[in-house]
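Structure at a glance
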Amino acid sequence: MFSKETYIARRAELKRLVGNGLVVLFGNNESPNNYPNNGYSPFRQDSTFLYYFGIQRDGLVGVIDIDNDREMLVGNDIDIEDIVWYGSVDSVADLAAQVGVTETAPMAKLQEIVKDRKVHFLPPYRHDIKIQLMDLLGIHPSKQKAEASMALIMAVVKMRSTKTAEEIVELEKASEIGYQMHTTAMRLIRAGVTEKYIAGQLVGIANSYGAQVSFPPIFSQHGEIMHGNPSMNELGNGRLVLCDCGAETVTNYCSDHTRTMPVNGKYSQRQLDIYSIVEECHDLVLSVAKPGVKYMDCHFAVCRLMTDRLKELGLMRGDTEEAVRAGAHALFLPHGLGHMMGMDVHDMENLDQINVGFDAETRPILDQFGTNCLRMGRRLEEGFVVTDEPGIYFIPDLIDDWRKSGHCEEFLCFDKIEQYKDFGGIRIEDDILITKDGCRFIGEKLIPYHPKDVEAFMNK
C-alpha cells in the first residue's frame, strides 16, 4: 500500500475526469477452488479497486460521490467465527481511514446508496460480481459490458497508463523477482528435467518473495505455441525451451519477460540464425520507442526488419514493404510487438484492449491475421510501460494451412520453410519504460539474452 495521500489524490483526479455522478468500484470476493472454504490462493484484489482504494481485503465496494464530494467504503466487518479461524483483522472503518476515506457502510446499504443516482461502473469480469451488479442495478450480465461507463473507463485508462515514480519502484521490484525466476530456470535447464519441474520452481520463487506469478508460467520446448503450458515432458538435447514468466509484488505490480534457451547450453548454427533476427528486432525497439512515436509504427519497423532478415535466410522473398502490407510476416510473427504493463500483466485488459492500446487517432487493424493481435498501437507517452517481445515461430499447422491455400505464396518460400517445421519458436521479451527522450529497461539486472551471454550463464 502507498501513502494515504496517494489514494486521496487519485480519487480526486478521478472525480475531476469523470465529472459527475456516482462511481462504484467493486473489489473482488474470495473465489472457491473446489468447495467454498478452499479458495484460490493468494487472494487477488481487483486492480482498479486497488489503484483508488489500496485495500487487499475481499468483499468491499468503493463508492465515490462526485456530485456531493463524498467517498465511502462499503463492506461488512467479519464476525467472531471468522476471527476464530482467520484471526483478528481491521474493521472496515479502520481500513477506510488508512486510505483517507471517512465514511463506511455495511453491504446491505449499497442499494440505498445508489438509488436514483447516475452510476458509473466498469465492465465486470467475474461472475459473482456480475450477479451482484445485476441485483444492484437490474442490468443483466449479458448487457453489463455495453452499459459500463465509458467516461469512467477512459478516466481510469488515462490515469493508470502513466506510471508515477512510486509505481516504477514497484515495477522494478517485480522485475528483480523476474530476474531471479529466469536465471534460476537457466541454471536448472538440462536434458532429462521435466518442463513441469522447472515451471514449479519459478512459481515458488515468486511466492517466496511475498508475491505471486503475474500469470501462469509458459515453459515449453514447443515455443511455437504462444501460450504453451509446461508438461511432464523431459527436456531433450538439441531442443530450444521458451520461458515466459513474471512476478507480482505484494502491491500487485507485475513483470513479464521471455527468454529462449538451448537445453544443452549451446545454440546450434540454425538456432543462432533465427535467434539473431529476434535479438536484432528486440534491440531495434530500444532505439525507436520514445514519446510521440506510435507503438504500431515500432511494430511494423520490427516486421520490416524481420522480413529483410528472413529473406537473407531464403525463407521469404519479394518486396519487403509489399510483404508486410500483405501480412506475409505473420506466418512467423502472429502476434503484436507488446502490451501495456502495470498492475495487470496485460494492463487494464478487462477495460477492453481497444480502449487501452488505441485511441481516436490510432485504431486497431482487425481484418489482417497477426496484426489483429496487436494489443498496443497508440502514441507512446513518458511514463508508459510496455513490453518489447518480438518472436519467430514455425507453426506446422499454420504453415500447412497457408501453403494449401496459397496465402502470400509470392512472399513465402514454402519449400525452405518446410525444413523448419521441427524448429519450435523463439521470443525475447523485456519491459521498457518510456522516458523523456527515449526508453529504458525496467529492472536493474538484465536477464541475459545475447546468445554468448546466455551460453556463458548456463555453463557457469
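This text gives an overview of the structure that appears in the document.

1. Notes on the environment of Phe 26
Position of Phe 26 among the secondary structure elements: in strand 1 (residues 22-26). Note on Phe 26: relative accessible area 12%, which makes it buried. Sequence separation between Phe 26 and Pro 124 is 98 residues, and the spatial gap between their C-alpha atoms is 8.5 Å. Here Phe 26 is in contact with Asp 46, Phe 49, Leu 60, Val 61, Ile 129, Gln 132, Leu 133 and Leu 136, once residues within four sequence places are set aside.

2. A word on the pattern of salt bridges
Going through the model one piece at a time under the given rule, you end up with 33 salt bridges. The salt bridge involving Arg 44 is made with Glu 248; its shortest N-O contact spans 3.1 Å. Pair noted here: Arg 44 is in the loop between strand 3 (38-39) and helix 2 (47-53) and Glu 248 is in strand 11 (residues 247-248), with a separation of 204 residues, a long-range link. Each member of the pair Arg 44 and Glu 248 is classed as buried. One salt bridge connects Lys 294 with Glu 361, and the closest N-O pair in it is separated by 4.0 Å. One end of the pair, Lys 294, is in the loop between helix 11 (269-288) and helix 12 (295-312); the other, Glu 361, is in the loop between helix 14 (353-357) and strand 13 (385-388), and 67 residues separate them in sequence. Look at Glu 361 and you get partly exposed, because its relative accessible area is 43%. In this structure, a network of salt bridges that share partners links the residues Arg 44, Arg 160, Lys 163, Glu 248, Asp 344 and Asp 347.

3. Description of the packing of aromatic side chains
In this structure the tally under the stated criterion is 10 aromatic pairs. Considering the side-chain rings of Phe 394 and Tyr 420, the 4.9 Å spacing of their centres and the 20 degrees angle between planes classify their relative orientation as stacked. Taken together, the residues span a long stretch of sequence, with Phe 394 in the loop between strand 14 (391-393) and helix 15 (396-405) and Tyr 420 in the loop between helix 16 (414-418) and strand 15 (425-427) at a distance of 26 residues. Taken individually, Phe 394 and Tyr 420 each receive the classification buried, so the pair is uniform in this respect. Here a set of aromatic residues connected by ring pairs shows up, and it is made of Phe 332, Phe 394, Tyr 420 and Phe 423. The aromatic ring of Tyr 51 is capped on one face by Arg 10, whose charged end is 3.8 Å from the ring centroid.

4. Re the state of the cysteines
Under the counting rule described, the total for this entry stands at zero disulfides. Looking at the unpaired Cys 298, the closest cysteine sulfur is the one in Cys 439, lying at 8.2 Å. Residue classification places Cys 298 among the buried residues on the basis of a relative accessible area of 1%. For Cys 413, which is in no disulfide, the shortest distance to another cysteine sulfur is to Cys 408 and amounts to 12 Å.

5. Quick look at the sheet that holds strand 9 (residues 218-220)
Pairing is antiparallel across the open sheet formed by three strands, whose spatial order is 9-10-12. The strands lining the two open edges of the sheet, one partner per strand, are strand 9 and strand 12 (257-262). Direction aside, neighbouring strands of the sheet carry axes that sit 10 degrees apart on average. Note that strand 10 (residues 240-245) and strand 12 share six bridges and pair antiparallel. Counterpart to Cys 245 in the pairing with strand 12 is His 257. With respect to the sheet, helix 9 (residues 165-188) is in contact with strand 9, strand 10 and strand 12, its orientation differing from that of strand 12 by roughly 15 degrees.

6. A short note on the pairing of strand 4 (residues 60-65)
When you tally the buried positions in strand 4, you get six out of six residues, the bulk of the element. Burial along strand 4 is two-sided: Leu 60, Gly 62 and Ile 64 and Val 61, Val 63 and Asp 65, pointing in opposite directions, are all buried. Inspection of the sheet shows strand 1 paired to strand 4 by five bridges, in the antiparallel sense. Residue pairing across strands places Val 23 opposite Ile 64, the latter belonging to strand 4. Between strand 4 and strand 5 (residues 70-75), which pair antiparallel in sequence order, lie four residues; one of them, Asp 69, sits at a positive phi of approximately 50 degrees.

7. As for a negative patch on the surface
The grouping of Asp 319, Glu 322, Glu 409 and Glu 410 at the surface amounts to a negative patch. Inspection of the secondary structure assignment puts Glu 409 in the loop between helix 15 and helix 16.

8. So, the sheet that holds strand 4
What the five strands build is an open sheet, ordered 6-5-4-1-7; its pairing is mixed. Of all the strands in the sheet, the pair left with one neighbour each is strand 6 (103-105) and strand 7 (119-120). In this structure, strand 5 lies alongside strand 6, joined through three bridges in parallel fashion. Its bridge partner lying in strand 6, Val 74 is registered against Ala 105.

9. Structural notes on the packing of helix 9 against helix 17 (residues 451-458)
In contact at an axis separation of 8 Å, helix 9 and helix 17 are set at 65 degrees when each is read in the N-to-C sense. In terms of orientation, helix 9 lies roughly perpendicular with respect to helix 17. Contact residues: helix 9 offers Thr 183, Met 186 and Arg 187, while helix 17 offers Val 454, Phe 457 and Met 458. Classifying every residue of the contact of helix 9 with helix 17 by side-chain character gives four nonpolar, one polar and one charged.

Reading the values: rules and limits
Residues numbered from 1 in each chain as written. Predicted model: local features only at pLDDT ≥ 70, side-chain atom pairs only at ≥ 80, totals over all residues. Heavy atoms only, no water. Helix = DSSP H or I, 4+ residues; strand = E, 2+ residues; numbered from the N terminus. Buried < 20%, exposed > 50% of the residue type's maximum accessible area, 1.4 Å probe, protein only. Contact = heavy atoms within 4.5 Å. Salt bridge = Lys/Arg side-chain N within 4 Å of Asp/Glu carboxyl O. Phe/Tyr/Trp six-rings, centres within 6.5 Å; stacked < 30°, edge-to-face > 60°. Lys NZ or Arg CZ within 6 Å of the ring centre and 35° of its normal. Disulfide = S-S within 2.5 Å. Pairing = 2+ DSSP bridges. Axes fitted to C-alpha atoms, helices over the stretch in contact; angles between N-to-C directions. Patch = residues over 30% accessible without salt bridge, like charges linked within 9 Å, V, L, I, M, F, W, Y side chains within 5 Å. Areas by Shrake-Rupley, 256 points an atom, 1.4 Å probe, with all protein chains shown as cover. Lys, Arg positive; Asp, Glu negative; His and termini not counted. Charge placed at Lys NZ, Arg CZ, Asp CG, Glu CD. Parallel < 35°, antiparallel > 145°, perpendicular 65-115°, else oblique. Nonpolar A, V, L, I, M, F, W, Y, C, P; charged D, E, K, R; others polar.

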